[in-house]
Amino acid sequence: MSEKHDGAGDGAEAEAADRCIRRRGFLKVVAAATAAGALDPRTLVAAGTADVGASRAPAWLRAQEAAQEETIPLRNGEPPALQFQAYPGGTGALLEKYWRAGLNPFERTPIELDPWQGAVPSSEEEVAFLPVHRLAALVRERHVSPTELFEIYMERMKRYDPVLLCAVTIIEGRGREEAEQAEAEIRAGEWRGPLHGIPWGVKDLFSTEGARTTWGSAAFQTRMIEEDAEVVRRLRTAGAVLIAKLATGEFARGDRWYRGRTLNPWNLAWGSSGSSAGPGSATAAGCVAFSIGTETRGSIVSPSRRCGLSALRPTFGRVSRYGGMVLSWSMDKTGPMCRTIEDCALVFNEIHGADEKDPASVTLPFRFERSPDLGSLSIGYTENAPSSFVEKLEELGARPRLMRELPAQSASSLGAESSSAFDFHVAPNGELPPVPEGLSEQEQRDFTRFRRGRDGLAMDYVHAQRRRHIVMKRMAEAMDGFDMFATGSGEVGLTNETGHPAAVVQYGFGPAGPEDEEADQPLTTTLIGDLFADDKILSVAHAFQTATDWHTRHPALD
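Scoring rules and cut-offs
- Residues numbered from 1 in each chain as written.
- Predicted model: local features only at pLDDT ≥ 70, side-chain atom pairs only at ≥ 80, totals over all residues.
- Heavy atoms only, no water.
- Buried < 20%, exposed > 50% of the residue type's maximum accessible area, 1.4 Å probe, protein only.
- Helix = DSSP H or I, 4+ residues; strand = E, 2+ residues; numbered from the N terminus.
- Pairing = 2+ DSSP bridges.
- Right-handed = clockwise from strand over helix to strand, strands pointing away.
- Contact = heavy atoms within 4.5 Å.
- Axes fitted to C-alpha atoms, helices over the stretch in contact; angles between N-to-C directions.
- Parallel < 35°, antiparallel > 145°, perpendicular 65-115°, else oblique.
- Nonpolar A, V, L, I, M, F, W, Y, C, P; charged D, E, K, R; others polar.
- Arc of directions from axis to C-beta.
- Salt bridge = Lys/Arg side-chain N within 4 Å of Asp/Glu carboxyl O.
- Phe/Tyr/Trp six-rings, centres within 6.5 Å; stacked < 30°, edge-to-face > 60°.

With five of five residues buried, strand β2 (residues 199–203) is to be regarded as a mostly interior element. Across five bridges, the pairing between β2 and strand β3 (residues 241–246) is parallel. Bridge pairing in β3 places G201 opposite A244. In terms of handedness, the path from β2 via helix α9 (residues 230–237) over to β3 forms a crossover that is right-handed. Relative to strand β8 (residues 290–295), β2 is paired through three bridges, and the arrangement is parallel. The partner of G201 across the bridge, within β8, is S291.

On to the environment of E250. With respect to the helices and strands, the residue E250 is situated in the loop between β3 and β4 (256–257). Since its relative accessible area comes to 33%, E250 is described here as partly exposed. Spatially, the C-alpha atom of E250 lies 9.7 Å from that of G274, the residues being 24 residues apart in sequence. Excluding residues within four positions of it along the chain, E250 makes contact with W215, G216, S217, R256, W257 and R449.

Take the pairing of β8 next. Judged by how many residues are buried, β8 sits mostly within the fold: six of six residues are covered. Here β8 shows no split at all, with F290, I292 and T294 on one side and S291, G293 and E295 on the other all buried. Sheet analysis places β8 next to strand β10 (residues 333–338), joined by five bridges and oriented antiparallel. The residue bridging E295 from the neighbouring strand is K333, located in β10.

What follows is about the packing of helix α12 (residues 341–351) against helix α19 (residues 534–546). Two elements in contact, α12 and α19, have axes separated by 8 Å at closest approach and are oriented at 150°. It follows from the interaxial angle that α12 and α19 lie roughly antiparallel. Mapping the contact onto sequence places I341, E342, C344, A345 and F348 in α12 and D534, L538, A541, H542 and Q545 in α19. For the contact of α12 with α19, the per-class residue count stands at six nonpolar, two polar and two charged.

Within the sequence span of helix α13 (residues 387–395), burial applies to F389, V390 and L393. When α13 is viewed along its axis, its buried side chains cluster within an angular range of 95° and face the same direction. In this structure, the buried side of α13 is in contact with β11 (379–381), β13 (484–487), β14 (502–512), β15 (519–529) and α19. Looking one or two residues beyond α13, the residue adopting positive phi is G397, at roughly 115°.

When charged atoms on two side chains of opposite charge get close, those side chains can pair. Under the defined criterion, the tally for this structure stands at 33 salt bridges. A salt bridge links R100 to E96, with the nearest nitrogen and oxygen atoms 2.8 Å apart. Here E96 and R100 lie together in helix α4 (residues 91–100), a separation of four residues that amounts to about one turn. A residue is classified by how much of its surface remains accessible, and R100, at 63% relative accessible area, is exposed. Given the relative accessible area of 37%, E96 is considered partly exposed. For the salt bridge of K357 with E230, the shortest nitrogen-to-oxygen distance reads 3.1 Å. Note that K357 is positioned in the loop between α12 and β11 and E230 in helix α9, a separation of 127 residues in sequence.

Here we come to the packing of aromatic side chains. Taken as a whole and assessed by the stated rule, the structure comprises 15 aromatic pairs. Both rings, one in F251 and one in F422, keep their centres 5.0 Å apart while their planes meet at 65°; by these two values the pair is edge-to-face. Remark: F422 occurs in the loop between α14 (414–421) and α15 (423–426) and F251 occurs in the loop between β3 and β4; sequence separation between them is 171 residues. On the accessibility criterion, F422 (0% relative accessible area) is buried. On the numbers, 5.1 Å between centres and 75° between planes, the contact of W257 with Y258 is edge-to-face. The exposure class of W257 is buried, given its relative accessible area of 7%. Overall, the relative accessible area of 25% leaves Y258 in the partly exposed class.

Shown next, in the form of structure tokens:
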């Protein structure tokens, strides 16, 4: 009797537990599906009061099936709902700050070109190594035509790419068409601006209509994405002539990709560094007039320093990343790599500004000054900044002072973001393939690169972002009273976490390279600016270049 009673009690409890489990499952699915926009709660209420005979499946199962049906597939580029903002108080507060100061945050300021003076260079090599602002003067005044420039740079690209491995795709047909169009427009008096008719190259992380987009990987070496990335679109609108997709280290790391290693034209025993390897190498070699690179944790600064260039890594959000490979939604940046600072300003002035396709992008003023009052700016320097650079700024009227202590950077959240961005590639159909046996240590690291971020908890990522915001506020305190500071190390890790801008500038000439294989080349340092002070660091770096000639030297490749 008692056994029967106990049995009946166990059955009732089991049934109740089963109902509880199903109810919990139902609520979890409904909550997740509703949050994702997959379900309307009113539909569920209606379904609960509908004729039971309409479906034999329980409501929680139907909700689960509906949620599964609404799962949205993801590739690499879809941005998250939460967007990083470089200004610790938020972009809204920053815009209000501009407004209260009587400034128009959306102001666009053109950069006027100085006219060409003197004789026109007689050799093609001289023309190839002219800075963009001088090429633009020649083109505007019709001393040199866009088609002549195209042929000069195309010949150099074909001659030196087999040595440097700087190009993924050489764009000859469409490039010539764009040059001919630019020439016709200029003859008709329709000069678009300083980049009209100027040949350039873009890092092969950006999609480009009519050309492959490989990301430096053999897995994608035949892929076509028939859409121009936003930065490509803006430069085409400015009249620039795209002649090459330039090499990137595989998936934006280093200077090695599926064809080999991209080399430094100053020293062929040394890689160009990366991952903007091709932009660094091709620009230094005079194979393009300027290039566009990207940076997450050093990929503009490092190859620019390695190859002796001028460059700007903009404040986070100032240039659209749309159409580019995503490594980190909260750290990726797009910027110009050139032979002079003034060229960086000209290119940046054409590409900066908000883009609805990149929800992290913003528009703020950019006012480049060729003759800034250095005494009116607060310029700091770290103890490892080159003394000759700091002393020259002082000669030019600056009053540099030692920079206060910088905060330690927070733990990086790059792994979680890059793993999400590449989940479509490493786990096709949602399944991780096993790691092959017999791989070397390096091959195993490469194979598992985008798997490591899968191991952390969601809470770990949120904690990392909260600590990052604390570091951003500490960095704001360190920068208080400073417009910028010079640093020998570049502070790449910290300033990529906080979103601050950096300008690379040549300050000397001397030996650099691997041990026992050094060669003379331009030496560079970095100016770190306050948030959105991109114009100020470029103006100061330009003032330094007007008083020096380190940036005018170029490698002898023949």
